[in-house]
Amino acid sequence: MVGPAKLSPLGFADEAKPMCYVDGKRYVLPMGRGETTLLQWLRESGLTGTKLGCGEGGCGACTVMVSHWERGRVQHRAVNACLCPLYAVEGMHVVTVEGIGSVRSGLHPVQAALANSHGSQCGFCTPGFVMSMYSLLRGVAAEGRDAPSEQEIEECLAGNLCRCTGYRPILDAFKVFAKAEPSVYTADAIAAARGMAAATAAETGSTGTAAAAATAGNGSAGTAAADKGSTGRASNGSAAANG
């Protein structure tokens, strides 16, 4: 008869120690590390792409994606690893920036878009921005949607700080993943756009007419000056002949 499994002080059976998956690989979590954060353990394990910035969940440099089964389907969430206790991810799948792509194995489209749009300068915050955007795309796909809206992209990056590049190139890089908002193309918006186009065309036409008139005016003035010069020469010639 097999007796009950002996439990460790943390409540785990010796035959089933706490484990999680990181970037597709199974890891057994160390015992007796209740004070350790997910970020500390990841960096100790050599996954240093996840950065330690503020250590308070305010800068987003430590962002990773955590996936687990909930409500009948897989849930994907961006998590601040500096605030997440290590054992909170037991049985879950953690994806780091190293796990989605690299220069050697090939960049993920999110990474490539950010690089091509010059959205990285010192690069310290870049992994966090990449993982926030990646988590949003995975979450949207899990919900059965094609793409997030531009507003969702801006909101998902609200927890990521950049102190040197500025946010415009970063937002421009990630908007290629957004779905166009139908509300942008309402009848009022189309009419307003047409009105602006008509006004621009009218202004351009007026400018062209004024330029043509000015050119014609300059030509008339030149003709008058030429006529005056001819009259002057004729008068001088008559005076010379009389003399």
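Up top you'll find the structure we're talking about.
All figures in this text were calculated on a predicted structure; none of them were measured in a lab. (Residues numbered from 1 in each chain as written. Predicted model: local features only at pLDDT ≥ 70, side-chain atom pairs only at ≥ 80, totals over all residues. Heavy atoms only, no water.)

Participant: Before we go on, may I ask you to explain the overall build of the protein in this structure?
Facilitator: The helix and strand tally for the protein stands at 7 helices and 5 strands. Residue burial in the protein is summarised as follows: out of 243 residues, 31% are buried. Partitioning the contacts of the protein with sequence separation of at least 6, the portion at a separation of at least 24 is 62%. For the protein, the exposed area adds up to about 14600 Å²; of that, 57% sits on carbon and sulfur atoms. (Helix = DSSP H or I, 4+ residues; strand = E, 2+ residues; numbered from the N terminus. Buried < 20%, exposed > 50% of the residue type's maximum accessible area, 1.4 Å probe, protein only. Contact = heavy atoms within 4.5 Å. Areas by Shrake-Rupley, 256 points an atom, 1.4 Å probe, with all protein chains shown as cover.)

Participant: Even after reading the chapter, I still don't get helix α4 (residues 126–142), so can you show me in this structure?
Facilitator: For an α-helix the count is 3.6 residues per turn, leaving residues at separations of three or four pointing the same way. With 17 residues, α4 ought to run about 24 Å at 1.5 Å a step, and its terminal C-alpha atoms sit 24 Å apart, in line with that. A large share of α4 lies buried, amounting to 13 of its 17 residues. Remark: Gly144 follows α4 within two positions and exhibits a positive phi of approximately 85°. (Expected span 1.5 Å × (residues − 1).)

Participant: Got a minute to help me understand the side chain of Ser135 in this structure?
Facilitator: In this fold, Ser135 is placed in helix α4. The class of Ser135 is buried, set by a relative accessible area of 4%.

Participant: Would you explain the layout of surface pockets in this entry?
Facilitator: If a probe the size of a water molecule is rolled over the atoms, the empty space left behind becomes visible. Considering only enclosed or pocket space, the largest pocket measures out at about 260 Å³ in volume. Along the walls of the largest pocket sit 16 residues, with Val97, Gly101, Gln111, Thr126 and Pro127 positioned nearest its centre. Secondary-structure elements contributing two or more residues to the lining of the largest pocket are α2 (97–100), α3 (109–116) and α4. Considered class by class, the residues forming the lining of the largest pocket number 6 nonpolar, 8 polar and 2 charged. Of the volumes computed, that of the second largest pocket is approximately 200 Å³. Along the wall of the second largest pocket there are 14 residues; nearest its centre are His76, Arg77, Ser135, Leu136 and Gly139. Those elements that place two or more of their residues in the lining of the second largest pocket are β4 (73–80), α4 and α5 (150–156). Of the residues in the lining of the second largest pocket, the class split is 4 nonpolar, 5 polar and 5 charged. (1 Å grid on protein atoms, 1.4 Å probe; cavity = no way out; pocket = protein on both sides within 12 Å on 5 of 7 lines; lining within 4 Å. Points joined across faces, edges and corners; volume = space filled by probe spheres on them. Nonpolar A, V, L, I, M, F, W, Y, C, P; charged D, E, K, R; others polar.)

Participant: Can you walk me through the state of the cysteines in this structure?
Facilitator: Put plainly, two cysteines are in a disulfide when a covalent bond ties their sulfur atoms together. What the rule picks out here adds up to 0 disulfides. For Cys82, which is in no disulfide, the shortest distance to another cysteine sulfur is to Cys62 and amounts to 3.6 Å. Looking at Cys164, it has no disulfide partner, and the nearest cysteine sulfur is the one in Cys122, 3.8 Å off. (Disulfide = S-S within 2.5 Å.)

Participant: Looking at this structure, I do not really get the packing of α3 against α4. What am I missing?
Facilitator: A packed helix pair is summarised by two numbers, namely the angle formed by the two axes and the spacing between the axes. In contact at an axis separation of 9 Å, α3 and α4 are set at 130° when each is read in the N-to-C sense. When the axis of α3 is compared with that of α4, the two are oblique. Read as a crossing pair, α3 and α4 show a hand that is right-handed. Here α3 contributes Val110, Gln111 and Leu114 to the contact with α4, which in turn contributes Thr126, Val130, Met133 and Leu137. A class-by-class count of the residues in the contact of α3 with α4 yields 5 nonpolar, 2 polar and no charged. (Axes fitted to C-alpha atoms, helices over the stretch in contact; angles between N-to-C directions. Parallel < 35°, antiparallel > 145°, perpendicular 65-115°, else oblique. Left-handed = near helix turned anticlockwise from the far one by under 90°.)

Participant: Would you mind showing me how to read the sheet that holds strand β2 (residues 25–28) here?
Facilitator: Sheets are built from strands that pair by backbone hydrogen bonding, the pairs being arranged parallel or antiparallel. Spatially, 5 strands are ordered β2-β1-β5-β3-β4 in an open sheet, and the strand pairing comes out mixed. Of all strands in the sheet, those bounded by a partner on one side alone are β2 and β4. When strand polarity is set aside, the average angle formed by the axes of neighbouring strands in this sheet is 30°. As judged from the 4 bridges shared by strand β1 (residues 19–22) and β2, these two strands associate in the antiparallel manner. Directly across from Met19, in β2, lies its bridge partner Val28. (Pairing = 2+ DSSP bridges.)

Participant: Looking at this model, I keep getting lost on the nonpolar core. Mind explaining?
Facilitator: The tendency in soluble globular proteins is for nonpolar side chains to be buried side by side. Of all hydrophobic cores here, the largest spans 24 residues; its most connected members are Phe129, Met131, Met133, Ile153, Leu157, Ile170 and Phe174. When residues of this core are traced back to their parent elements, those giving at least two are α2, α3, α4 and α6 (168–174). Here Ile153 is in contact with Met133, Leu136, Pro148, Phe174, Lys175, Phe177 and Ala178, once residues within four sequence places are set aside. Grouped together as the second largest cluster of nonpolar side chains are 18 residues, Leu38, Leu42, Leu47 and Leu86 included. (Core = buried A, V, L, I, M, F, W, Y, C linked by side-chain atoms within 4.5 Å.)

Participant: Mind showing me how you'd approach the environment of His108 here?
Facilitator: Examined against the element boundaries, His108 turns out to sit in the loop between α2 and α3. Taking the C-alpha atoms as reference points, His108 and Val130, 22 residues apart in sequence, are found 9.4 Å from one another. Every residue in contact with His108, bar those within four places of it in the chain, is listed here: Ile100, Gly101 and Tyr134. In this structure the side chain of His108 is engaged in a polar contact, spanning 3.0 Å, whose partner is the backbone nitrogen of Val110. (Polar contact = N/O pair within 3.5 Å; in protein donor to acceptor, adjacent residues only side chain to side chain.)

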